[in-house]
Amino acid sequence: MGCSPRSGTTLIKEMMVNFFEFDAYTEHERSIFKEFDPALGLVCSKNPLDTVVIGSLLKLDRNLSVIYMLRDPRDTLSSRSHRK
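All values reported here derive from a predicted model rather than from experimental measurement. (Residues numbered from 1 in each chain as written. Predicted model: local features only at pLDDT ≥ 70, side-chain atom pairs only at ≥ 80, totals over all residues. Heavy atoms only, no water.)

Caption draft 1: Region of interest: helix H1 (residues 9–19). Of all the residues in H1, the buried ones are Thr9, Lys13, Met16 and Val17. Taken down its axis, H1 places every buried residue within 95 degrees of arc, on the same side. Relative to its buried face, H1 has exposed residues pointing more than 90 degrees away, namely Leu11, Asn18 and Phe19. Of the surrounding elements, those touching the buried residues of H1 are strand S1 (24–25) and strand S2 (43–44). (Buried < 20%, exposed > 50% of the residue type's maximum accessible area, 1.4 Å probe, protein only. Helix = DSSP H or I, 4+ residues; strand = E, 2+ residues; numbered from the N terminus. Arc of directions from axis to C-beta. Contact = heavy atoms within 4.5 Å.)

Caption draft 2: Spotlight on the pattern of salt bridges. On inspection of all chains with the given rule, the structure shows 2 salt bridges. Residue Glu14 is joined to Lys13 by a salt bridge in which the shortest nitrogen-to-oxygen separation is 3.9 Å. Here Glu14 falls in the partly exposed class, since its relative accessible area comes to 35%. Its relative accessible area of 4% is what places Lys13 among the buried residues. Between Glu29 and Lys46 there is a salt bridge, with its nearest N and O atoms 3.5 Å apart. Residue Glu29 is found in the loop between S1 and S2, and its partner Lys46 is found in the loop between S2 and helix H2 (54–60); the two are separated by 17 residues along the sequence. By relative accessible area, Glu29 is classed as partly exposed at 39%. (Salt bridge = Lys/Arg side-chain N within 4 Å of Asp/Glu carboxyl O.)

Here's what the structure looks like:
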């Protein structure tokens, strides 16, 4: 999950995938509402737009874990200005 573009979600997902044992992971952003094959087991995904509903999902699924990325807005603006 993330607060905005350039918040660090891609970096943290890549670190999670490389340092922890997941059965599968998404290549790019994928909503938690798109069904995953239950046979996959532990899946790592990201979609910053899911932040508005994740509270309800955490109450429903005790096995769901979330990392919320909150970056200083000044850093985010600085990062976006250097994208060229």
